[in-house]
Amino acid sequence: SQSKQLDIYTSLEGFRLFCSRTCRDLVKDEDIDDLIPPSLKTLFGNFDALIECGGTIQKDPLVLRAVTLQGLPVEEMPRIDVWDEHGIVFSSHDDKEYTFTLKDVDSPQINQEKKTLLWADDDAFYRVNKQIEGDFLLLCRFGGEYAHDTDDPTKVILRYANNTSFLFSAPYELPKTKVDLMRRYSHDVEEADFLLTLLFDN
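Residues numbered from 1 in each chain as written. Predicted model: local features only at pLDDT ≥ 70, side-chain atom pairs only at ≥ 80, totals over all residues. Heavy atoms only, no water.

Some thoughts on the environment of Thr68
Okay, step 1: Within the secondary structure, Thr68 sits in strand S1 (residues 62-70).
Okay, step 2: For Thr68 and Trp119, which are 51 residues apart along the polypeptide, the C-alpha to C-alpha distance reads 10.0 Å.
Okay, step 3: The contacts of Thr68, once residues within four sequence positions are left out, are Ala124, Phe125, Leu195, Leu196 and Thr197. (Helix = DSSP H or I, 4+ residues; strand = E, 2+ residues; numbered from the N terminus. Contact = heavy atoms within 4.5 Å.)

Shown next, in the form of C-alpha cells:
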C-alpha cells in the first residue's frame with residue numbers, strides 16, 4: 001500500500017514525529033514538547049537556519065559584555081560559569097569576589113572597575129567582558145556556601161546553550177521557556193518574573 005506523505009518542514013517537527021513513533025507507549029503526543037529541553041529546541045532551530053542559509057549566519061566571535069538574571073528566588077547571588085569551545089571563559093565566584101548591593105553602587109570608596117557583580121533582591125548583574133566563540137554553555141548554580149560545590153549536580157539551577165554563529169551583537173532576553181531550568185526547582189520560579197539576559201557585542 002502507498003505510504004501517506006507527511007508534511008515535515010523543520011527539524012523539531014521531525015523529532016516530534018520520531019518520538020511519537022518510537023515512544024508511543026511511553027508518552028502521549030501532546031506531551032512530547034514538554035519533554036524536549038529548550039537547548040535542544042535551540043539546536044534544531046540553528047540546524048534549520050544552517051540549511052536555509054547554506055552556512056552559518058556569521059563567523060566572527062562575540063564579546064559577552066554582561067549577564068543579568070531576574071526573578072530567581074534564592075537568598076545568595078547565584079554562581080555563573082560560561083564555557084565556549086576553547087574552555088572556561090568566565091566564572092563569577094572563582095576569583096576574589098566584589099559583590100555589592102544597590103546601596104553600595106554610588107559609594108566613593110568602591111573602585112568602578114571592581115563592580116563586576118551586583119546583587120539586589122532576586123536580581124543579579126555580572127560584568128563579563130569576555131570573547132566567546134562557537135558552541136557555548138552558561139551554567140547557573142547556587143551561590144553563597146554552595147558556590148564552590150561544583151561537583152554536586154543538585155546545586156545546578158539552570159543552563160543555557162547556543163552557538164555564536166547564530167547570534168548577533170545585541171541583548172538576548174531569555175524567559176523561563178528558553179532555558180533549561182532543572183525540574184526540581186522549576187515550580188519555584190515564576191514565569192512572569194524570570195528573565196535571563198545576555199548582552200553581546202562585536
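On we go from here.
A short note on helix H1 (residues 11-22)
Spacing of three or four residues puts side chains on the same side of an α-helix, whose turn is 3.6 residues.
Okay, step 1: Taking 1.5 Å as the rise per residue, H1 with twelve residues should run 16 Å; its terminal C-alpha atoms sit 16 Å apart, in good agreement.
Okay, step 2: All of the buried residues along H1 are Ser11, Leu12, Cys19 and Ser20.
Okay, step 3: Lining the buried residues of H1 we find helix H2 (32-35) and helix H3 (38-53). (Expected span 1.5 Å × (residues − 1). Buried < 20%, exposed > 50% of the residue type's maximum accessible area, 1.4 Å probe, protein only.)

Focus on the pairing of strand S7 (residues 135-141)
Okay, step 1: Burial runs high along S7: five of the seven residues are buried.
Okay, step 2: Where strand S2 (residues 79-84) meets S7, six bridges bridge the pair, whose relative direction is antiparallel. Within S7, the position partnered with Asp81 by the bridge is Leu139. (Pairing = 2+ DSSP bridges.)

As for the packing of aromatic side chains
Okay, step 1: Enumeration according to the criterion identifies six aromatic pairs in this entry.
Okay, step 2: Between Phe15 and Phe44, the aromatic rings sit 5.2 Å apart at their centres with planes inclined by 45°, giving tilted as the arrangement. Residue Phe15 is found in helix H1, and its partner Phe44 is found in helix H3; the two are separated by 29 residues along the sequence.
Okay, step 3: Chaining the aromatic ring pairs together yields one cluster made of Phe136, Tyr160, Tyr172 and Phe200. (Phe/Tyr/Trp six-rings, centres within 6.5 Å; stacked < 30°, edge-to-face > 60°.)

Considerations on the sheet that holds S7
In sheet architecture, strand pairing relies on hydrogen bonds along the backbone and comes in two forms, parallel and antiparallel.
Okay, step 1: Strands sit in the order S3-S2-S7-S8-S10 across an open sheet of five strands; the sheet is antiparallel. Where the open sheet ends on each side, the last strands, each with one partner, are strand S3 (87-91) and strand S10 (180-181).
Okay, step 2: As judged from the four bridges shared by S2 and S3, these two strands associate in the antiparallel manner. Across the sheet, the residue bridging to Asp84 is Gly87, located in S3.
Okay, step 3: Of the strands in this sheet, strand S8 (156-163) and S10 are in contact with H3, which crosses S8 at around 5°. (Axes fitted to C-alpha atoms, helices over the stretch in contact; angles between N-to-C directions.)

Brief notes about unusual backbone geometry
Okay, step 1: Positive phi outside glycine occurs at Asp121, with the angle close to 55°.
Okay, step 2: Looking at where Asp121 falls in the secondary structure, it is placed in the loop between strand S5 (117-120) and strand S6 (123-132).
Okay, step 3: With a phi close to 55°, Asn129 is a non-glycine residue in the positive phi region.
Okay, step 4: In this structure, Asn129 sits in strand S6.

Notes on the pattern of salt bridges
Okay, step 1: Taken as a whole and assessed by the stated rule, the structure comprises seven salt bridges.
Okay, step 2: Among the salt bridges present, the one from Asp201 reaches Arg65, with a minimum N-O distance of 3.4 Å. Taken together, the residues span a long stretch of sequence, with Asp201 in strand S11 (residues 195-201) and Arg65 in strand S1 at a distance of 136 residues.
Okay, step 3: When its relative accessible area of 28% is taken as the criterion, Asp201 is described as partly exposed.
Okay, step 4: Among the salt bridges present, the one from Lys155 reaches Asp152, with a minimum N-O distance of 2.6 Å.
Okay, step 5: One connected set of salt bridges, linked through shared partners, spans Arg79, Asp81 and Arg141. (Salt bridge = Lys/Arg side-chain N within 4 Å of Asp/Glu carboxyl O.)

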